[in-house]
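What follows is the residue order along each chain.
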Amino acid sequence: MVRDAHVIGLVERIGEHYRANISNRFIRPALLQLSLEKQSWDLIEVLTEKIEQYRYQGFHLDELYRQIIAAARFVSITRRELVPSLRARLSGSGSASDKVLRDMAVNNFGSNLQLLADMLNELFLSLVELDKEQAKGRRPLYMSIPELKDVGRMLVGST
């Protein structure tokens, strides 16, 4: 179980950032068009919405790794499929203040997605360090999860 205060704080920041700047009411309709499987959406939801159930009991390291893999896939697919066409995918209806807020969300989406990727990478690196410390002579868990090899590449954008 991971109960590290830095990790818990990072997960909280990731969730807050995701809800406010990535999956907000203006951007969410476009996100739902992404070609991401349901299992990944479910893992992202657990990472970004369900912090309360883990804050005190801690996280299972393997579950956090799976959530990071799903979130990294989300970042990669979103960069490729959504960022170039986001403005065109969102309808222009709504009040004047909604249009201003939608434009702000669209204009800042690329940098907000990069910030999410940076926080996910920081979380991933922190978990790998904790994993190595906890292994105590055994093989760390991250080495037995092949999908983790691609996380860094997906987060930095060289897909």
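## With respect to the packing of aromatic side chains
Thought 1: In total, this model carries three aromatic pairs according to the counting rule given.
Thought 2: A centroid spacing of 6.4 Å and a plane angle of 70° characterise the contact between tyrosine 65 and phenylalanine 124, whose relative ring orientation is edge-to-face. With a gap of 59 residues between them, tyrosine 65 in helix H5 (residues 61-81) and phenylalanine 124 in helix H7 (residues 96-135) connect regions that are remote in the sequence.
Thought 3: When its relative accessible area of 10% is taken as the criterion, phenylalanine 124 is described as buried.
Thought 4: Taken together through their ring pairs, the aromatic side chains of Tyr18, Trp41 and Phe74 make up a single cluster.

## Considerations on the environment of proline 146
Thought 1: Take proline 146: it is sitting in the loop between H7 and helix H8 (151-156).
Thought 2: A residue is classified by how much of its surface remains accessible, and proline 146, at 51% relative accessible area, is exposed.
Thought 3: Residues proline 146 and arginine 79 lie 67 residues apart in sequence; the distance between their C-alpha atoms is 23 Å.

About the thresholds
Going along each chain's sequence as written, the residues are numbered from 1 onward. Per-residue local features are limited, in this predicted model, to residues with pLDDT of at least 70; the limit for side-chain atom pairs, both in listing and counting, is 80 or more; totals at the level of whole chains, interfaces and linings are taken over all residues. No hydrogens and no water enter the side-chain calculation; it runs on all heavy atoms of the structure. Stacked, tilted and edge-to-face are the three classes assigned to paired rings of Phe, Tyr and Trp, where Trp is represented by its six-membered ring and a pair needs centres within 6.5 Å; plane angles under 30 degrees give stacked, over 60 edge-to-face, the rest tilted. In this description a helix means any DSSP run of H or I spanning at least four residues, a strand means any run of E spanning at least two, and both kinds are numbered starting from the N terminus. Exposure classes here rest on a 1.4 Å probe applied to the protein chains alone. A residue is buried below 20% of its type maximum, exposed above 50%, and partly exposed in between.

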